[in-house]
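# Coordinate analysis (summary)
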Amino acid sequence: MRLPPAIIANTEEVLREILRFTSPADVTLSRYFKDHPRFGGRERGVIAEAVYAVLRNKSFFTDFAGAGNTPSMRKLALLGLAETAGIDALGGLSEDETHLLTRVKEVDRSLLPPQTQANLPGWLYDKLVAQFGEQEALQLAAVLNTPAPLDLRVNSIKANRDDVIAELAKAPIAAEPMPYAPLGLRVLKKPALQNLPLFKEGAIEVQDEGSQVLAQIVGARRGEMVVDFCAGAGGKTLALGATMRNTGRLYAFDVSDKRLAKLKPRMARSGLSNVHPVLIAHERDAKIKRLAGKIDRVLVDAPCSGLGTLRRNPDVKWRQKPEAVAEMQEKQASILDGAARLVKTGGRLVYATCSLLNEENDVIVEQFLSTHPDFELVPMNQVLEEQKIPLEMDQYLKMLPHKHQTDGFFAAVLQRKAKAKAPAVESPADASEIPQAEE
């Protein structure tokens, strides 16, 4: 089926803006579609898929788009559309353009230089090769350059997994249980979910399986006091609240009121009443000090490079810079130090990122342990056994797209030693001292 001629022009137009890398690709696309309301769902999907194909294959496509008389941005748009919709779907092509698209399709990419195969900027390719070796780095890059699947988490407060599978099948939407997350489902295609009763009623949430596992290893229990220290829009917060069976107190801290605002409608759908969103100014906020030494579990899903999410956000590899990663490390160490003050004796602190890089992961944890003798590492294999998660890990959780079919995630579980003296507090917590939900 031929695409309307305007699709090529619109793909080229939005691609020109996205490749300036002044804002995230999904934000730019969303704004563009809002400014062009005449597009239907199918047309938006075609344009978005083509844009993401260009972002994934930018190094490879650019080598071909730079030659000839056709403007390179049009060539990139055509290459993206040909990759996702097929050459036959494109009309109004010149002979040169048809030849270009056919030639690119016939290229054996395994014969290209490794970095071109990987479609990564040089600095990132070099880091991954140093960390994983060239062969595994190429395997990882190959998977990072494919679209992510659609993963769901069943809200155990409202439904069970088998019932949700049966209900989705009526839509009809095919979904299958995930191997690691006990409440996870992988949808075999990518249907629109927002109008389904299951979604509207809060029985399901979109959440990558790796993110679900990360929430599970926190080990939150009924009646505990738990903090999601960098809650964002609250995907892991909601998972933690359900694990706690809507009991205890679960604080969702974040420095962005916009992110916390996105959590509130999700909370309303979820049926959770134990979640308390709290806006903080920074990791030393007085609201945090009032809870020092009183929290059973703290999750720090730290701000990071986001390089584990390249299947969903391929623009990140082109927008991210090595100097920004270095600056991030200082922030990560400071946030982890601030969050650690909350943890009670015997309590647990989980440090996590969606980064693939050791300097944002292992290195931060090892620095923390060297300066916080009152904490010890709980081996991840022990934590996974406690939670009955069928994953093989050593000291840390390292979920990788090419091994586990999830986003890239890192996590370490740290425990405040029972013999250590907890941080001094003015007096036991009472209702006036505890940070209240933002109105």
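See the structure printed just above.
Residues numbered from 1 in each chain as written. Predicted model: local features only at pLDDT ≥ 70, side-chain atom pairs only at ≥ 80, totals over all residues. Heavy atoms only, no water.

### What about the packing of aromatic side chains?
Put simply, the test is: Stacked, tilted and edge-to-face are the three classes applied to pairs of Phe, Tyr and Trp rings, where Trp contributes its six-membered ring and a pair requires centres within 6.5 Å; stacked means planes under 30 degrees apart, edge-to-face means over 60, and tilted covers the rest. Only protein chains enter the area calculation, which uses a 1.4 Å probe; residues under 20% of their type maximum are buried, those over 50% are exposed, and those in between are partly exposed. Only DSSP runs of H or I covering at least 4 residues are called helices, and only runs of E covering at least 2 are called strands; the numbering of each starts at the N terminus. In this scheme, the term charge over a ring applies when either NZ of a lysine or CZ of an arginine sits within 6 Å of the ring centre and within 35 degrees of the ring normal.
Summed over all chains, the structure comprises eight aromatic pairs. On the numbers, 5.8 Å between centres and 40° between planes, the contact of F60 with F61 is tilted. Residue F61 is classed as buried on the basis of its relative accessible area, which comes to 0%. Between the aromatic rings of F229 and F253, the centroid separation amounts to 6.0 Å while the plane-to-plane angle is 65°, which identifies the pairing as edge-to-face. In this pair, F229 is assigned in the loop between β5 (225-228) and α13 (235-243) and F253 in strand β6 (residues 249-254), connecting sequence segments 24 residues apart. Taken as a pair, F229 and F253 share a single burial class, namely buried. Through pairs of rings, three or more aromatic residues link up here, namely Y32, F33 and F39. A cation over a ring is seen here: K58 above W318, with NZ or CZ 4.2 Å from the ring centre.

### A short note on unusual backbone geometry
In this chain, A171 is followed by P172 through a cis amide linkage whose omega measures -5°. Along the polypeptide, P172 turns up in the loop between α10 (161-169) and β2 (175-177). The backbone of K388 sits at a positive phi, close to 55°, despite the residue not being glycine. In this structure K388 comes out as exposed when scored by relative accessible area, which is 71%.

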